[in-house]
Amino acid sequence: MNNLTVAPHERGVIRLFTLDMRAEEAKFLREPGAADQVLGVDGLDTGQIDIFPVSDLEDLGLYGYLHEGCGVSEDQLNRATLDAIEGWVMVVRSAAFHDRAANLTPDARLHLQGLYTEEATNWTGGPIDTESARPFSAPQSPIETGAPNRIGSALLAVIILFVVGGALWLIV
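As a starting point, this report considers the structure included with it. (Residues numbered from 1 in each chain as written. Predicted model: local features only at pLDDT ≥ 70, side-chain atom pairs only at ≥ 80, totals over all residues. Heavy atoms only, no water.)

All right, on to the packing of aromatic side chains then. Counted according to the given criterion, the structure contains one aromatic pair. One Lys or Arg, Arg79, reaches over the ring of Tyr63 and ends 3.8 Å from the middle of that ring. (Phe/Tyr/Trp six-rings, centres within 6.5 Å; stacked < 30°, edge-to-face > 60°. Lys NZ or Arg CZ within 6 Å of the ring centre and 35° of its normal.)

Within the secondary structure, Ser73 sits in the loop between helix H3 (61-69) and helix H4 (79-83). A polar contact is formed between the side chain of Ser73 and the side chain of Asp75, at a distance of 2.4 Å. A polar contact of 3.1 Å, which involves the side chain of Ser73, links it to the side chain of Gln76. When sequence neighbours within four positions are dropped, the list of residues in contact with Ser73 reads His67, Thr117 and Glu119. (Helix = DSSP H or I, 4+ residues; strand = E, 2+ residues; numbered from the N terminus. Polar contact = N/O pair within 3.5 Å; in protein donor to acceptor, adjacent residues only side chain to side chain. Contact = heavy atoms within 4.5 Å.)

Side chains of Leu156, Ile160, Val164, Leu168, Ile171 and Val172 sit close together on the surface and give an oily, nonpolar patch of about 650 Å² of accessible area. Tracing the chain through its elements places Leu156 in helix H5 (residues 151-171). (Patch = residues over 30% accessible without salt bridge, like charges linked within 9 Å, V, L, I, M, F, W, Y side chains within 5 Å. Areas by Shrake-Rupley, 256 points an atom, 1.4 Å probe, with all protein chains shown as cover. Salt bridge = Lys/Arg side-chain N within 4 Å of Asp/Glu carboxyl O.)

We now examine the pattern of salt bridges. In total, this model carries seven salt bridges according to the counting rule given. Here Arg109 ties to Glu25 by a salt bridge, and the two come within 2.9 Å at their closest N and O atoms. Highlighted residues: Arg109 in the loop between strand E5 (102-103) and strand E6 (110-117) and Glu25 in helix H1 (residues 23-28), separated in sequence by 84 residues. Judged by its relative accessible area of 30%, Arg109 falls in the partly exposed class. Between Asp50 and Arg93 there is a salt bridge whose closest N-O contact spans 2.6 Å. Within this pair, whereas Asp50 is found in strand E3 (residues 49-53), its partner Arg93 is found in strand E4 (residues 88-93), the two being separated by 43 residues in sequence. (Buried < 20%, exposed > 50% of the residue type's maximum accessible area, 1.4 Å probe, protein only.)

Encoded structure:
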């Protein structure tokens, strides 16, 4: 497997390409289907592809974009190499491939600069030792019998009888 092969169900992989093209051509890659053409793959999710000039990142830079924005660990990044990149770049996340395998055949004007992996969330945790976490520790509620409470209905019936009786008394 090389950096241009996308495995089925690939998760958390970011591919950084530099674009050797005019700004107008790079902006056009944001259109639906344009990134598909230059990467040689059909049906990409354009919401998972970022195309921008490095100058838009200002003080953050590509290093900050990848580390802080994309969750790439510092040990994968070379600040000097990333700071040297100028012009337009394309960032392609593995989610753009919709869990499908693909072999990228990029246009000659695209150059793969790096393949990075996002830090995965550690979902493990220790046991919780509090009284409220123990089974059956919640206060027990009284058992309901399922029989409806008819006090409100009886009170409403009495009020209706008084109204009807009062109306009949006034008529007679």
